[in-house]
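# Topology and contacts: notes
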Amino acid sequence: MSRIQAFLRCFAVKIARRAVSVSLLAAYCAIAALPVAASGQTAFTLPAPPFELPFLPPVSGNWTVTIGAEGQYKPDFEGAKASMLSAVPIFSIRRAGSADPFRSPRDSASIALIDFGDLRAGPAAKFVPARLQDGHPELFGLGDVNAALELGGFIEYFPVDWFRLRNETREGFGGHRGVVSDFSADFIVPVTRAITISGGPRFAWESTEAISPYFSINAAQAMATGLPIFNAMGGAHTAGAGAQVKYQINPQWEVHSYVEYDRLLGDAANSPLVTARGSVNQTTVGIGASYSFDFKIQ
Amino acid sequence: MRAASRYAWIAMVILFCIAMTILLVLSSGAHALFETRDAKLASVKTVGIISAVGDQFTLAKAGLTGLDNSSRSFPILSWGLDDLIVQQATTALSGRFQVKPVSYQRAVFAGVKESPIKPVEIVRGDPFEKLVKTEVSPQGLDAYIVITKAKANLGGGGRKVEGIGIVTYRAVLESYSQLYALYEIRIVDGKTFDVIEKMAATPLDNAANVRLAGPSRLIDENLSTSPGDAGDENLHRAIVDLIVRSLPITLSDMHLR
């Protein structure tokens with residue numbers, strides 16, 4: 001049985017690696033096909049829109065688009081012992097010339113509606129993929145947990161340019177209906193104008209409703225899996241640290257890499273799913289490349 | 001049968017909404033609402049130019065700063081940058097518009113601060129619309145071109161720089177400075193006082209790895225300056241060069257030339 005599991009895992013990793021290779025190759029081909037780089041000239045010009053919407057700023061002017069791909073090696077699911085490689089696309093669009101704001105790999109999608117410069121706040125959203133028992137023998141009998149959309153807000157404070165404190169608090173819809181609060185601190189150290197290193201501690205708190213679908217084991221699940229019944233309660237969820245390095249090769253190309261480590265705490269760590277079949281140590285490693293080019297809307 | 005009836009109702013509601021949207025777009029009122037910049041500019045014949053960019057020069061620090069990263073400023077009114085901007089813009093626009101001289105309180109326009117709370121900005125509207133209505137004479141021109149300071153983010157942090165100045169970035173292995181002239185241009189309708197178009201001047205080139213959302217250049221051996229002194233002619237000339245090179249490009253991007 002363990003040989004079959006090992007084979008399946010090896011097969012899954014190979015497939016994932018191939019997916020990353022294909023996506024990186026596709027990204028490279030798409031990038032190579034672009035006519036002009038973002039070095040003072042625009043790659044192409046689009047005509048002005050046929051109408052303008054009231055209350056929205058005009059879209060005319062120069063814009064910078066960033067596209068790329070990232071390979072991410074992370075636990076199969078939260079609490080898993082095994083990890084899997086997957087491909088993540090990178091895409092962003094912003095006004096030309098504006099600096100790319102600092103982002104930690106754990107930051108959710110967010111918009112700053114309140115911006116005092118050093119203090120920013122606004123809505124934040126995160127998609128949590130479904131946890132499917134198919135393909136994960138350690139989950140057989142626990143059933144699937146649907147995907148969740150977490151909506152909430154963020155607040156971040158830069159007391160100085162090289163240090164950021166951030167909190168995101170979100171409520172889940174779908175797979176879980178609990179509250180999640182992520183805290184992080186990042187030291188942001190520019191080594192040269194092209195290389196930036198950052199990193200710092202992380203901590204997450206989750207309510208019972210957020211933890212329970214993933215770590216509780218009810219009577220039926222206990223019967224099906226052989227694991228003891230367990231009622232996971234909310235509280236401190238993870239503590240850890242993360243670091244990333246970014247190298248801007250030129251105004252167009254940027255490569256980055258990061259590692260994020262979390263140790264499960266509280267009832268997530270005490271769940272039989274983790275103690276018997278998983279691990280409290282959760283590490284995510286990512287490496288990616290992106291390409292930026294400018295275009296103009298008349 | 002009940003399900004079929006429900007789908008019919010949904011289809012009817014969707015069709016009704018589409019029909020109302022088309023009606024709204026085709027109606028004259030809605031046409032004005034969705035009218036493009038070029039359509040609004042087509043009827044503009046006379047313009048006045050207002051500039052409130054160049055009163056202060058700011059020295060800012062970024063990157064690995066000490067705990068006190070506050071910036072300092074000194075006055076540069078003697079450089080006459082706003083007069084230069086009005087003169088350059090007049091030259092650039094004279095081919096298409098009749099540019100009329102206007103009088104205004106420069107300090108009032110320079111003193112406008114945007115709210116850090118974006119929804120408040122949206123509800124309050126553009127503050128320059130009201131200023132053009134109350135602080136500029138003569139009234140009655142077709143449009144007013146208002147040129148004011150713009151802001152840009154400094155590096156990856158949330159801090160911003162504004163207007164004219166130098167920012168010095170400190171990294172572990174190097175330190176470098178960037179000279180900037182950040183400004184934005186509004187076209188305000190002289191009848192309705194609505195902003196027809198607003199655009200910030202874009203970078204002249206993107207060759208530097210450190211980017212500011214506006215005209216800027218790295219200070220290198222070709223530019224010897226003594227920041228902190230309004231009497232520094234090299235600094236003055238470098239700022240004038242940024243403005244003179246970027247202003248026609250920005251006016252072109254706004255379809256004003």
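Residues numbered from 1 in each chain as written. Chains lettered and ligands numbered in written order. Predicted model: local features only at pLDDT ≥ 70, side-chain atom pairs only at ≥ 80, totals over all residues.

The next point concerns the overall build of chain A. Each helix and strand counted, chain A has five helices and 13 strands in total. The buried share among the 298 residues of chain A stands at 32%. (Helix = DSSP H or I, 4+ residues; strand = E, 2+ residues; numbered from the N terminus. Buried ≥ 20, exposed ≤ 12 C-beta atoms within 10 Å, placed from the backbone.)

What follows concerns helix H7 (residues 127-135) of chain B. Each turn of an α-helix holds 3.6 residues, which means side chains three or four residues apart point in the same direction. Residues and elements named next belong to chain B. Among the residues of H7, those classed as buried are Phe128, Leu131 and Val132. For H7, the angular spread of buried residues about the axis comes to 100°, placing them on one side. Looking at the buried positions of H7, the neighbouring elements they touch are helix H5 (106-110), strand S5 (143-149) and strand S10 (183-189). (Arc of directions from axis to C-beta. Contact = placed C-beta atoms within 7 Å.)

Moving on, we come to the packing of helix H4 (residues 81-93) of chain B against helix H8 (residues 233-253) of chain B. Residue and element names in this part refer to chain B. The geometry of H4 relative to H8 is characterised by a closest axis approach of 10 Å and an angle of 35° between their N-to-C directions. Taken as a pair, H4 and H8 cross one another with a handedness that is right-handed. Facing H4, whose interface residues are Leu81, Leu84, Ile85, Gln88, Ala89, Ala92 and Leu93, H8 presents Ile239, Val240, Ile243, Val244, Leu247, Pro248 and Leu251. Partitioning the contact of H4 with H8 into residue classes produces 13 nonpolar, one polar and no charged. (Axes fitted to C-alpha atoms, helices over the stretch in contact; angles between N-to-C directions. Left-handed = near helix turned anticlockwise from the far one by under 90°. Nonpolar A, V, L, I, M, F, W, Y, C, P; charged D, E, K, R; others polar.)

Residue and element names in this part refer to chain B. Spatial ordering of the open sheet is given by S3-S2-S8-S9-S12, a layout of five strands whose pairing is mixed. On the outer flanks of this sheet lie strand S3 (72-75) and strand S12 (216-218), each paired with one strand and no other. The mean angle between the axes of side-by-side strands here comes to 20°, regardless of whether they run parallel or antiparallel. By the bridge criterion, seven bridges tie strand S8 (residues 164-170) to strand S9 (residues 175-181) in an arrangement that is antiparallel. Among the inter-strand pairings, Gly165 is bridged to a residue of S9, identified as Tyr180. Running at roughly 55° to S9, H8 makes contact with S8, S9 and S12 of the sheet. (Pairing = 2+ DSSP bridges.)

Paired through backbone hydrogen bonds, the strands of a sheet run either parallel or antiparallel to each other. All names here are of chain B. The strand order across the open sheet built from five strands is S4-S1-S5-S10-S11, with neighbouring strands paired in mixed fashion. Two strands close off the open sheet at either side, each with one partner strand: strand S4 (98-100) and strand S11 (195-200). For this sheet, the mean inter-axis angle between neighbouring strands, taken without regard to orientation, is 25°. The sheet contact formed by S5 and S10 spans seven bridges and is antiparallel. Bridging from a neighbouring strand, Lys149 pairs with Tyr183 of S10. Sitting on the sheet, H4 is in contact with strand S1 (46-52), S4 and S5, with an inclination near 155° to S1. Here H7 sits on the sheet in contact with S5, S10 and S11, set at roughly 60° to S10.

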